[in-house]
Amino acid sequence: MGTQISFRFQRLNGSRSCDVEVHNLIIAGWTGRDQAALEAHIKELEELGIAPPKRTPMFYRLSASLLTAAPAIQVIGGDSSGEVEFVLLKHQEELWVGVGSDHTDRKVEALGVTLSKQMCPKPLAPEMWALADVEPHWDELILRSYTISDGKTTLYQEGKVSAIRAPREILKLHVRLTGGEMAPGTAMFCGTFSVIGGIRSASTFGMEIEDPVLGRRIVHSYHVEPLAIEG
């Protein structure tokens, strides 16, 4: 079981587009480098009744069919929200990096983190950069997210990826803690940081990863359609 997404793969010397079958989806959580910032995010979630993790980092295996590059998603009820993350994709034998949102049901998260993550689609931008092209200046990359409600755009998250463990370190920890290598056809969401003004839902969620050294961005947004809870 998997999902097929048409990606645009960008290298410094050109780009190409191709359809990729993603068979595995992993959400890496609690991957912050700064312990104080990590504890702040844990506290932020504890205020919503969400139990702290049993260890850090955590690797949650979810259905690959949750991945989507569509401009809209449907969710149950109005208690979900997005969070920007850099996303690693292993296509054939090469690693690529892009941006996605670990959209999660916050009410259900208090009952079980894995369950809450499995409940929502996982949007990602259909554009990827070669990891090798950005690794020399990795810590300069910037992640941002925005909420858009009633026509008003508000900055929701912003920070350098230096707040999160580097890709190779996350992959090494994944092997050490789970015993599994990142196989071709795998996408891994790699963690986030605290929000500005508290966790909240929005009708549209925007996200981007910026490379100020090479002067480029990957930008994506998606509309959120809540479905009624009938019982």
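Quick notes on the rules
Numbering of residues starts from 1 in every chain and runs along the sequence as written. Given that the model is predicted, a residue must reach a pLDDT of at least 70 before its local features are reported, and side-chain atom pairs must reach 80 or more before they are shown or counted; all residues, however, enter totals for whole chains, interfaces and linings. For side-chain calculations, the full set of non-hydrogen atoms in the structure is used, while hydrogens and water are omitted. Just to be clear on terms, a salt bridge is a Lys or Arg side-chain nitrogen sitting within 4 Å of an Asp or Glu carboxyl oxygen. Runs of H or I in DSSP of at least four residues are treated as helices and runs of E of at least two as strands, each being numbered from the N terminus. Using a 1.4 Å probe on the protein chains alone, a residue whose accessible area is under 20% of its type maximum counts as buried, one over 50% counts as exposed, and one in between counts as partly exposed. The contact criterion used is simple: two residues touch if any of their non-hydrogen atoms lie within 4.5 Å. Helix span, expected: 1.5 Å multiplied by one less than the number of residues in the helix. As used here, the arc is the angular range of directions from the helix axis to the C-beta atoms.

K.L.:
Report on the pattern of salt bridges, specifying residues and quantitative values.
P.N.:
The final tally for this structure, using the stated rule, is 17 salt bridges. Here Glu140 makes a salt bridge to Lys160, at a shortest N to O gap of 3.2 Å. Of this pair, Glu140 sits in the loop between helix 4 (131–134) and strand 13 (142–149) while Lys160 sits in strand 14 (residues 152–160), and the two are 20 residues apart along the sequence. Take Lys160: its relative accessible area is 38%, and that puts it in the partly exposed class.

K.L.:
Help me get a handle on the environment of Pro57, residues and values and all.
P.N.:
Locating Pro57 in the fold gives a position in the loop between helix 1 (35–46) and strand 4 (58–62). You can call Pro57 buried: its relative accessible area is 2%. For Pro57 and Gly100, which are 43 residues apart along the polypeptide, the C-alpha to C-alpha distance reads 19 Å. With residues near it in sequence (within four places) discarded, Pro57 still touches Gly29, Trp30, Thr31, Arg165, Leu173 and Leu177.

K.L.:
Please set out helix 1 residue by residue, giving values where relevant.
P.N.:
For helix 1, built from 12 residues, the straight-helix expectation of 16 Å at 1.5 Å per residue is met to within 8% by its first-to-last C-alpha distance of 16 Å. Within helix 1, burial applies to Leu38, His41, Ile42, Glu44 and Leu45. Each buried residue of helix 1 lies within a common arc of 155° when the element is viewed along its axis, so the set occupies one face. Turned more than 90 degrees from where helix 1 packs its buried face, Ala36 and Lys43 sit exposed. Summarising the contacts, the buried residues of helix 1 are in contact with helix 2 (106–109).

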